[in-house]
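Below, each chain spelled out in residue letters.
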Amino acid sequence: MVVAWWVLLTLLFLAPYFRGLFFPPDQEKALIVAALCFFLVYLYRWGQRRTRFFEHPLDGAMLALMLIYVATLPLAVNKGLALNDVVKYALYFTVFWSVSRLVDTGERAEKLFYTFWLSGVGVALAGLATATQIIFIRDGFLNGRIYSSFQYPNALASFLLALLLLGTYLWYQSWREGPHWRGLAYSSYGLALGNFLLAAVFWGAKSHGGVLTLILILPLLWWRLPREARRPWSLHLLQANLWGLLAGLSFTHLASAGRFDAAWGIILLGTLLSLGCQWLVDYGTYRGWPNPLDRVPPPVWWGVPLLFLVAGAGAVLAQPHWRTLLWNLLHGRNAVERLYFYRDALEMMAARPWLGWGGGGWQEAYRAFQHYLYNSTQVHSYYLQVGVETGIVGLLVLLAAWFFFLRSAHRLYQAAAPRERLLVWTSTVAALAIGIHAALDFNLALAALTLLLFSLFGVITGLELSARQPQEVSKRARRKARLLRPSPAPLVAVGAFSLLLVLLGTTLTLAGNAALAATQAMQQHDLSRAQALAMKAVSYNPLNPDYRELLSNIYLWQQNPEAAVKEAQAMVKLSRYNEKSYIVLTEALKEAGHYREAVQAAETAVRMAPFRIQNYELLATTAFYGGYMELSHGKREEARALFDQALQVPGMIQQQMAKVTPEEKRLWVVAPYLAPTPTIRVVVGGSNYFLGKYAQAEAEILALLPQLQSEKDKTIKAQALLWLVLSLEKEGKSSEAQPYVEEGKKLTPNFDQWLQQASKLPVLA
């Protein structure tokens, strides 16, 4: 039991430092540790004759949440992503269940809080250190915002806000216990310092969702706080956030300007001010100073801040310039864009309402549903993400988990003693802070934050289970219980389940390691070793489409296109809505000489992501290349069909762009609007030439040439000149073609060879 407790605390402490456990390889290793802890906890309880596995409704709800992802695995549109989500929810369940059985007293709950709090302080310091280049964390500080080890500022803000609430609880308990050293409660100083650091980095993350969540939960927190705790809690949170706000914003500004010493000076100043406030509180309390705040009527605490808020909002809204500035400051465009994400998510849910698209379903298929081009592999709403992935059934299970948690928290709060009542309420509000923010963002995609949330679920569950136990058991009853031998069946079942999770995490880790080694071998041009390692990765994890892609690319490098086609087809079966699968299949089919099938695969890539111009380029070039090769083999009708297909691409682009509304065009910022690119226009020129439409080919290329002036356009310009020269010669304009021939020779030494080869092919007039 002791081993499981300390290993679990270590896992929860370290989780945020591994990129917030966002990536599957880190989650797989965490699952191995969590599953072992889970088994040890149950083994101890079994030895104590406490063999019941399901003792609380949340046990069933959390297990059901994991099982719904298992159930959707056969139906998932991306089997590899779905398996990754099974790993995540198995991790969440094992941690929840372990916490709920290990945390059976308020003292244990506080130790768990300290673990998370210390981890959060470390994350905050890591964010400050990477912003000032003391340490390096990839994407730890970008655009004047602190990302720290989470590498995503909104998730970082949600994590720190929850820990600031837990830290305030710990501070209050320490401060309330009274003096321990020279008349001061010295431990409260360390907690005040840590809470200041949490607040500083919270504000330095510049998360609007985090600030909105803070505003929403403060009245909720105040609602059920004991009367004697309201003033110290309010003052502590006020001073921590005041100095944190000033220090966090000043620090990020100075760090962005490279003034690192000044940035740390600001943090030091904030530290001194925070500790000074703590000293004043302690000295005044323990020396018997009269507190002038006692004379402030309670309505003033609400009325003055509300008055300032209303007055400030009125002043801002009265000025158009300030309204625009506020809109930009709040990233209003991003907020509007998320509504479009939600609309597309609801359309996906409507398409598969009951069991959804499987784990990773949004990431796999959202481009087929989007109404304009945006890049977001997450819905930016945890609840809609679960709805897309597991349908109405999974969403109801998630909502049931929240219901059971809140019901248990309410019951526990009503029956608890004052100290434990404060613990319960703090845990509840901290969990709600995470859950509210998750409705507006994808924070819970980072498993470290979700582990904090479900650990809070576990705390409430554990305390309620403990409260149900009889306070005293007779000696006779205890002796009788020791004489009874528990049935081994539950232990065998839990052991088998734990072993299955350990094996799952281990095999997936081995598969990932083999794939990484295969990629490195490819970079070193050791193709035989790369092939062996890639096949090993596939054998360990046959559901991951990326491993099939890797193997297909290796076969192409080995000049074995038919084998590459088989692997690409296997990839499509595992990932049916991802454009990448059809791109890989297109390249393999093209190399194997299956041009008609290659064009069909490219057409599917366009359907899967109709706003990605790269897919139209792939379709155009594949059709043209296939037509060229078929023509060289004397298959005139096949070539004609492929050239006609290439000519249809600009019209397809125009039709797709016509569907975009003016509002959606304003939100389209990640790339230029859909329009034929130089690559597509050269293909159009070449296809017109081979179809005997020389005038159209000449006009297309002449209109394109002025746009091809940069060094990077040399190759595409040479190709354009090739079709222009051939078209002019067919039109009897050899003298006009000669300058373009000379220009083509300057661009590439192979221009004469290109002319000779292309001119030998017949024209399909």
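This structure is a prediction, so every number in the text was calculated from the model and none was measured.

## Here we look at helix H31 (residues 714–730)
Right, so step 1: Spanning 17 residues, H31 covers 25 Å between terminal C-alpha atoms, matching the ideal 24 Å at 1.5 Å per step.
Right, so step 2: Within H31, 12 of the 17 residues are buried, which leaves it mostly tucked inside the rest of the structure.
Right, so step 3: Along H31, the residues classified as buried are Ile716, Lys717, Ala718, Ala720, Leu721, Leu722, Trp723, Leu724, Val725, Leu726, Ser727 and Leu728.
Right, so step 4: Contacts made by the buried residues of H31 are with helix H25 (613–632), helix H29 (678–690), helix H30 (694–704), helix H32 (734–747) and helix H33 (751–759).
Right, so step 5: Looking one or two residues beyond H31, the residue adopting positive phi is Gly732, at roughly 80 degrees.

## Some thoughts on a nonpolar patch on the surface
Right, so step 1: A cluster of nonpolar side chains, contributed by Val3, Val7, Val33, Leu40 and Leu43, occupies part of the molecular surface with about 340 Å² of accessible area.
Right, so step 2: Looking at which element gives the most residues to the nonpolar patch, the answer is helix H2 (residues 24–47), with three residues.
Right, so step 3: Here Val7 lies in helix H1 (residues 2–14).

## A closer look at the pattern of salt bridges
Right, so step 1: Applying the stated criterion to the full structure yields 25 salt bridges.
Right, so step 2: Measuring nitrogen to oxygen at the nearest pair gives 3.2 Å for the salt bridge that ties Arg101 to Glu55. Of this pair, Arg101 sits in helix H4 (residues 79–102) while Glu55 sits in the loop between H2 and helix H3 (57–71), and the two are 46 residues apart along the sequence. Across the pair, exposure class does not vary: Arg101 and Glu55 are buried alike.
Right, so step 3: For the salt bridge of Asp752 with Lys745, the shortest nitrogen-to-oxygen distance reads 3.5 Å.
Right, so step 4: Taking relative accessible area as the criterion, Asp752 reaches 40% and is therefore assigned partly exposed.

## Examining the packing of aromatic side chains
Right, so step 1: Following the criterion strictly, the structure yields 50 aromatic pairs and no others.
Right, so step 2: Through pairs of rings, three or more aromatic residues link up here, namely Phe38, Tyr42, Phe53, Phe54, Phe93, Trp97 and Phe497.

## Quick word on the confidence of the model for the chain
Right, so step 1: Overall, the predicted model of the chain reaches an average pLDDT of 91, with 90% of residues at or above 70.
Right, so step 2: Least confident of the elements in the chain is helix H12 (residues 320–329), whose mean pLDDT is 52; most confident is helix H24 (residues 595–608), at 98.

## Some thoughts on unusual backbone geometry
Right, so step 1: The backbone of Ser148 shows a phi angle near 55 degrees, a positive value even though the residue is not glycine.
Right, so step 2: When you line up the elements, Ser148 lands in the loop between strand E2 (145–146) and helix H6 (153–176).
Right, so step 3: Despite not being glycine, Gln559 shows a phi value in the positive range, around 60 degrees.
Right, so step 4: Its location among the elements puts Gln559 in the loop between helix H21 (545–557) and helix H22 (561–574).

## Quick look at the environment of Asp139
Right, so step 1: Structurally, the position occupied by Asp139 is in the loop between helix H5 (106–131) and strand E1 (141–142).
Right, so step 2: Its relative accessible area of 37% is what places Asp139 among the partly exposed residues.
Right, so step 3: For the pair Asp139 and Ser149, spaced 10 residues apart in sequence, the C-alpha to C-alpha distance is 8.4 Å.
Right, so step 4: If near-sequence neighbours (up to four positions away) are discounted, Asp139 is found in contact with Tyr147, Ser148 and Gln151.

## Some details on H6
Right, so step 1: Between its terminal C-alpha atoms H6 stretches 34 Å, which fits the 34 Å expected from 24 residues at 1.5 Å a residue.
Right, so step 2: Burial within H6 is extensive, with 23 of its 24 residues counted as buried.

## Focus: the packing of H32 against H33
Right, so step 1: Running from N to C, H32 and H33 cross one another at 125 degrees; their axes reach a closest spacing of 8 Å. As judged from the angle between their axes, H32 and H33 are oblique. On H33, the residues touching Tyr740, Val741, Gly744 and Lys745 of H32 are Phe751, Asp752 and Leu755.

## Here's the deal with the environment of Leu73
Right, so step 1: Position of Leu73 among the secondary structure elements: in the loop between H3 and H4.
Right, so step 2: Between the C-alpha atoms of Leu73 and Gly359, which are 286 residues apart in sequence, the distance is 7.3 Å.
Right, so step 3: If we ignore the near neighbours within four places in the chain, the residues touching Leu73 are Lys79, Ala82, Leu83 and Leu543.

## Notes on the packing of H31 against H32
Right, so step 1: The N-to-C vectors of H31 and H32 enclose an angle of 160 degrees; their axes lie 9 Å apart at closest approach. Considering their axes alone, H31 and H32 lie roughly antiparallel with respect to each other. In terms of crossing hand, the pair formed by H31 and H32 is left-handed. Taken together, the residues of H32 that come into contact with H31 (itself represented by Lys714, Lys717, Ala718, Leu721, Leu724, Val725, Leu728 and Glu729) are Ser734, Glu736, Ala737, Tyr740, Val741, Glu743, Gly744 and Leu747.
Right, so step 2: Taken together, the residues that form the contact of H31 with H32 break down as nine nonpolar, two polar and five charged.

## Points about the nonpolar core
Right, so step 1: Counting residues in hydrophobic clusters, the biggest one holds 216 residues, and the most contacted among them are Leu91, Leu452 and Phe457.
Right, so step 2: Sequence-distant contacts of Leu452, that is, excluding residues within four places in its chain, are made with Phe116, Phe159, Ala162, Leu163, Leu166 and Ile434.
Right, so step 3: If you look at the next biggest cluster of nonpolar residues, it comprises 33 residues, including Ala515, Ala521, Ala568 and Ala592.

Quick notes on the rules
Residues numbered from 1 in each chain as written. Predicted model: local features only at pLDDT ≥ 70, side-chain atom pairs only at ≥ 80, totals over all residues. Heavy atoms only, no water. Helix = DSSP H or I, 4+ residues; strand = E, 2+ residues; numbered from the N terminus. Expected span 1.5 Å × (residues − 1). Buried < 20%, exposed > 50% of the residue type's maximum accessible area, 1.4 Å probe, protein only. Contact = heavy atoms within 4.5 Å. Patch = residues over 30% accessible without salt bridge, like charges linked within 9 Å, V, L, I, M, F, W, Y side chains within 5 Å. Areas by Shrake-Rupley, 256 points an atom, 1.4 Å probe, with all protein chains shown as cover. Salt bridge = Lys/Arg side-chain N within 4 Å of Asp/Glu carboxyl O. Phe/Tyr/Trp six-rings, centres within 6.5 Å; stacked < 30°, edge-to-face > 60°. pLDDT = per-residue confidence, 0-100. Axes fitted to C-alpha atoms, helices over the stretch in contact; angles between N-to-C directions. Parallel < 35°, antiparallel > 145°, perpendicular 65-115°, else oblique. Left-handed = near helix turned anticlockwise from the far one by under 90°. Nonpolar A, V, L, I, M, F, W, Y, C, P; charged D, E, K, R; others polar. Core = buried A, V, L, I, M, F, W, Y, C linked by side-chain atoms within 4.5 Å.

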